[in-house]
Amino acid sequence: MKTPAPTLVAAAALLALLLGPCAAGARGGLQDEEDPCAPEAQRSPQLIACARRELRAADAELKRAREELNADLEPRSRVKLRASERLWLRYRKTNCDAEASIYANGTIQPLIELRCMARLTRGRAAELRAQLQTLRG
């Protein structure tokens, strides 16, 4: 087996020295990424990212409540629940569009819409949990 030429070894070492900090910085940047929901987060992209996270959590909460209620319903009531949920989702979208429309073309508009959707979704999940409590007595 041949040993690599000294210039090739030197070039590889130089390349490793030059690219090493970049690669480490890229990995470190992902790990050190700030939490968009941290109290000090004040920029629009951070606030919007946090609002998206809150909406995902609210949607998951609603899904759990819906599934739990659905499991206790009679078949005819399940059909009605499905229909009401479709209409409710349209209501949520339309209502939050209207709420955010006063900020049309502003950087805060998506934030207002996302926060509205999360607020209404949490409320709907609470309604479904209350229905379940009533059903169970």
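The structure displayed is predicted, hence computed values, not measured ones.

1. Considerations on the overall build of the chain
A count of helical and extended segments in the chain gives 4 helices and 0 strands. Relative to its 137 residues, the chain shows a buried fraction of 24%. If you take every contact in the chain between residues at least 6 apart in sequence, the share linking residues at least 24 apart comes to 62%. Accessible surface for the chain amounts to roughly 9,900 Å². Of this, 60% is attributable to carbon and sulfur atoms.

2. A look at the pattern of salt bridges
Considering all chains together, one arrives at 11 salt bridges under this definition. Ionic pairing is found between D59 and R92, a salt bridge with its closest N-O pair at 2.9 Å. Separated by 33 residues along the polypeptide, D59 in helix α2 (residues 44–72) and R92 in helix α3 (residues 75–101) bring together distant segments of the chain. Residue classification places D59 among the partly exposed positions, given a relative accessible area of 31%. According to the relative accessible area criterion, R92 is buried, its value standing at 9%. Taking the shortest distance from any N to any O, the salt bridge between R124 and E85 comes out at 2.5 Å. Pair noted here: R124 is in helix α4 (residues 109–136) and E85 is in helix α3, with a separation of 39 residues, a long-range link. Among the residues examined, E85 registers a relative accessible area of 4% and is labelled buried. One salt-bridge network, in which partners are shared between bridges, spans R66, E85, R124 and E127.

3. So, a nonpolar patch on the surface
Side chains of I102, Y103 and I108 sit close together on the surface and give an oily, nonpolar patch of about 290 Å² of accessible area. Inspection of the secondary structure assignment puts Y103 in the loop between α3 and α4.

4. A word on the nonpolar core
One finds L69 and L128 to be the most contacted residues of the largest nonpolar core, which totals 20 residues. Broken down by secondary-structure element, the contributors of at least two residues to this core are α2, α3 and α4. For this core, the element with the most residues is α4, which contributes 9 residues.

5. Considering α4
With 28 residues, α4 should cover 40 Å at 1.5 Å per step; its first-to-last C-alpha distance of 41 Å lies within 8% of that length. Trailing α4 by a residue or two, G137 shows a phi angle of about 80°, which is positive.

6. Observations regarding the environment of R82
Structurally, the position occupied by R82 is in helix α3. Assessed through its relative accessible area of 46%, R82 is described here as partly exposed. Between the alpha carbons of R82 and R66 there is a distance of 9.2 Å; along the sequence they are 16 residues apart.

7. Here we look at α3
Residues spaced three or four apart along an α-helix face the same direction, because each turn holds 3.6 residues. End to end, α3 covers 39 Å across 27 residues, agreeing with the expected 39 Å (1.5 Å per residue, within 8%). Residues of α3 that are buried: L81, E85, W88, R92, C96 and A100. Buried-residue contacts for α3 involve α2 and α4.

Basis of the calculations
- Residues numbered from 1 in each chain as written.
- Predicted model: local features only at pLDDT ≥ 70, side-chain atom pairs only at ≥ 80, totals over all residues.
- Heavy atoms only, no water.
- Helix = DSSP H or I, 4+ residues; strand = E, 2+ residues; numbered from the N terminus.
- Buried < 20%, exposed > 50% of the residue type's maximum accessible area, 1.4 Å probe, protein only.
- Contact = heavy atoms within 4.5 Å.
- Areas by Shrake-Rupley, 256 points an atom, 1.4 Å probe, with all protein chains shown as cover.
- Salt bridge = Lys/Arg side-chain N within 4 Å of Asp/Glu carboxyl O.
- Patch = residues over 30% accessible without salt bridge, like charges linked within 9 Å, V, L, I, M, F, W, Y side chains within 5 Å.
- Core = buried A, V, L, I, M, F, W, Y, C linked by side-chain atoms within 4.5 Å.
- Expected span 1.5 Å × (residues − 1).

All we've got here are geometric facts, nothing functional implied.
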